[in-house]
Amino acid sequence: MPTESILTVNHLTINPIKQVENKLVNDVSFHLPKAKITCIVGESGSGKSLTALSIVKLLSSQLESLGEIIFNQKKLHELNDKQLRSIRGSEIAMIFQDPMTSLNPVFTVGYQVSEALLAHHKLTKNEARKLTEKAFTDVGIPADRYDNYPDELSGGQRQRVMIAMAMINKPKLLIADEPTTALDVTVQKQVLDLINNLQKKHQMTVLFITHDFGVVEDIADQVLVMYRGKIVEQGVAKSIIKNPKHPYTKALLKCIPSIHSKKTLQPIDYLKLEREMAKL
Amino acid sequence: MYLSVKNLSKTYLKRSGFLNTKTSAIHALQDVSFELEKGKCLAIVGESGSGKSTLAKIIMKLLEPDSGSIHISKQDVLNISKQKIKAYRKKIQMIFQDPFSSLNPKFTITQILAEPLEIHKTGTPNQIKAKVSKFIKLVGLSDEDLKRYPHQFSGGQRQRICIARALIIEPDIIVCDEPVSALDVSIQAQILELLKELQKKLNLTYLFITHDLRVVKYIADEMIVLQNGNLVELGAVNKVFKNPKTKYTQTLINSIPGSI
Ligand SMILES: Nc1ncnc2c1ncn2[C@@H]1O[C@H](COP(=O)(O)OP(=O)(O)OP(=O)(O)O)[C@@H](O)[C@H]1O
Ligand SMILES: Nc1ncnc2c1ncn2[C@@H]1O[C@H](COP(=O)(O)OP(=O)(O)OP(=O)(O)O)[C@@H](O)[C@H]1O
Ligand SMILES: [Mg+2]
Ligand SMILES: [Mg+2]
């Protein structure tokens, strides 16, 4: 049964300004089914973060993009900055790949998260603090860390502050760029469970960028595999893991370190890969 | 013993509450001791906030402990004289957990990689140029990338630039704080292979912070597990995996994501 889609990306292409031949993202199209988790996997530099950033129009000013982005019938690519700002952080929230640069070092983490809440809700300072403390404990950070500055937290704690900040307005669409890379499996599980719960309770849709096929296996409904700016394979997560069709996906699944052996890892042999792809 | 850490403790004090009247203490490290032979890799494992980066920063002399001692080939690290500190900084390099804030945004990649070589005066401009070109390729990037700036790279690419910068002055010890967790498995495989190869070739010693037990199994000889600043597990990787002493280690082993 086809599900309703909340976000549609059509023919997205991204290149540095005035370098149309240098396509960093090349004619990418996909749908995000409502209330489902979609994972983007793919090699480093394949265009995952740029794709995510262009959905909320936060690409660097050195880059330009072409294509359609439709969110809940709204054409995001046609909105102005003010209209976009009211959507960002409330209807669409994003967790960025670099937690330190997206937190302001001169404000406490509690202040920053409560400000995100106050930007979209009428609440007293006290109510905002209570809700923020609750959001912290949800991601496993003790409430008394509210008054800490970002550099007084560990790497994983900062990453969780970002997660708390993104989730606090209960967005309809959550875009998370490698949100759990600094977390050990136990905390990662807690965060994934939290995302899963919110997703069920509020019909949240999630676009989750990861390079960890283990995570994909655990949470994804749908998966998009990117290679050199293109989506080379997409479909139901379970069947792609079980039965990858594209040579890149196959190679990717082969180079995961295993707990069961100390086998030599097999970095992808790109020459061989290109040869196989030429045959497709 | 090559590296020996004894009774290391560190507490962060924090004033908080109304008018800063409350003081709270975070015991980031409590009486931590371990040893490591030259040329080996020690994995430092532990949940988020358990004190791993604190330990790394103390060994790097970026942070003072409250008590304890560190010796590296008999040198008393915490009491190094001013004249010897530069030599120490060449001997030991760190790959930071947060690659984004550790790269100077105003420098091109060439400048970033050449800087440590120039500081430590390790060759002629031509030799430095050749070395920069060699190391950028070792981490899977190209000469083309050298003239670009950090913000023009993806997350994983920036992490690889940090790795190249740490390796380029050929230190004896490398402290890696989650060096591969932001990388996709293919690059991870490539970097881990590279680290292993260099270890053999140059007899490097690694302190390797990671939360991924698959990586521990792959690269480390010995491991320690920290929990709330306490060392709760210590031993050869195979032994700890077979026979974990604490429930936390057991949980870590059991909850590796996916089954692949
Ligand atoms: N401002 C820029 N100017 C030129 N090239 C850029 C710029 N920003 C990114 N790129 C390039 O675009 C490509 C895609 O980058 P992107 O950040 O989307 O990769 P990614 O798939 O998220 O990788 P990673 O897993 O390493 O984070 C990379 O090759 C990167 O070097
Ligand atoms: N400057 C500081 N001031 C106050 N507390 C701090 C400071 N730096 C670290 N801490 C606290 O000390 C504890 C240990 O932090 P550390 O950064 O060593 O953890 P970690 O094991 O590296 O965690 P992660 O895996 O999340 O990076 C944490 O609770 C952290 O919040
Ligand atoms: Mg990225
Ligand atoms: Mg850390």
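Described in the following lines is the structure provided in the data block. (Residues numbered from 1 in each chain as written. Chains lettered and ligands numbered in written order. Predicted model: local features only at pLDDT ≥ 70, side-chain atom pairs only at ≥ 80, totals over all residues. Heavy atoms only, no water.)

### Some words on the sheet that holds strand β7 (residues 173–177) of chain A
Residues and elements named next belong to chain A. Within the open sheet, the six strands sit side by side as β6-β7-β8-β3-β9-β10. Their pairing is mixed. If you trace the sheet from one side to the other, it starts and ends with β6 (92–95) and β10 (230–236), each paired once. Across the sheet, the axes of successive neighbouring strands diverge by a mean angle of 15 degrees, strand direction being ignored. Where strand β3 (residues 37–42) lies against strand β9 (residues 222–227), five bridges are found, and the strand directions are parallel. What sits directly across from cysteine 39, in β9, is valine 223. Taken strand by strand, helix α6 (residues 155–167) contacts β6 and β7, and its axis lies near 175 degrees from that of β6. (Pairing = 2+ DSSP bridges. Helix = DSSP H or I, 4+ residues; strand = E, 2+ residues; numbered from the N terminus. Axes fitted to C-alpha atoms, helices over the stretch in contact; angles between N-to-C directions. Contact = heavy atoms within 4.5 Å.)

### Comments concerning the site of ligand 1
Surveying the vicinity of ligand 1 reveals 20 residues, the closest of which are A:Ser44, A:Gly45, B:Ser154, B:Gly156 and B:Gln157. Contact distances for ligand 1 include 3.2 Å between an oxygen atom and a backbone N or O atom of A:Ser46. A distance of 3.1 Å is found between an oxygen atom of ligand 1 and a side-chain nitrogen or oxygen belonging to B:Arg148. With the chains in place, 92% of the 650 Å² that ligand 1 exposes on its own is no longer accessible. Tallied by class, the residues present in the shell around ligand 1 amount to four nonpolar, 13 polar and three charged. (Near = heavy atom within 4 Å. Polar contact = N/O pair within 3.5 Å; in protein donor to acceptor, adjacent residues only side chain to side chain. Areas by Shrake-Rupley, 256 points an atom, 1.4 Å probe, with all protein chains shown as cover. Nonpolar A, V, L, I, M, F, W, Y, C, P; charged D, E, K, R; others polar.)

### Considering the sheet that holds strand β2 (residues 25–33) of chain A
All names here are of chain A. In spatial order, the strands read β2-β1-β4-β5; together these four strands make up an open sheet with antiparallel pairing. Looking at the sheet topology across the chains shown, the edges are occupied by β2 and β5 (74–75). The sheet contact formed by strand β4 (residues 63–71) and β5 spans two bridges and is antiparallel. Looking across to β5, one finds that isoleucine 70 is bridged to lysine 75.

### Structural notes on the pairing of β7(A)
All names here are of chain A. Of all the five residues making up β7, five are buried; the element is thus mostly covered by neighbouring parts of the structure. Of the two faces of β7, the one holding Leu173, Ile175 and Asp177 and the one holding Leu174 and Ala176 are both buried throughout. Pairing of β6 with β7, which is carried by four bridges, proceeds in the parallel orientation. The residue of β7 that forms the bridge with alanine 93 is leucine 174. When β7 meets strand β8 (residues 205–209), the two strands line up parallel, connected through five bridges. In the sheet register, isoleucine 175 faces β8, and the bridge partner there is leucine 207. (Buried < 20%, exposed > 50% of the residue type's maximum accessible area, 1.4 Å probe, protein only.)

### Looking at the site of ligand 2
Neighbouring ligand 2 are 20 residues, the closest being A:Ser154, A:Gly156, A:Gln157, B:Ser48 and B:Thr54. Surrounding ligand 2 are residues belonging to chains A and B, so the site spans chains. At a separation of 2.7 Å, an oxygen atom of ligand 2 approaches a polar backbone atom of B:Gly49. Here ligand 2, which alone exposes 640 Å², has 91% of that area covered by the protein. Taken together, the elements giving at least two residues each to the shell around ligand 2 come down to α6 of chain A together with β2 (22–36) and α1 (52–59) of chain B.

### Things to note about the pattern of salt bridges
All names here are of chain A. Tallied over the full model, the rule gives 10 salt bridges over all chains. Of the charged contacts in the structure, one is a salt bridge between arginine 228 and glutamate 43, with a shortest N-O distance of 3.7 Å. With arginine 228 in the loop between β9 and β10 and glutamate 43 in the loop between β3 and α1 (48–55), the pair connects residues that are 185 residues apart, well separated along the chain. On the accessibility criterion, arginine 228 (46% relative accessible area) is partly exposed. Using a relative accessible area of 8% as the deciding quantity, one classes glutamate 43 as buried. Via salt bridges that share partners, Lys74, Glu91 and Lys172 belong to a single interconnected network. (Salt bridge = Lys/Arg side-chain N within 4 Å of Asp/Glu carboxyl O.)

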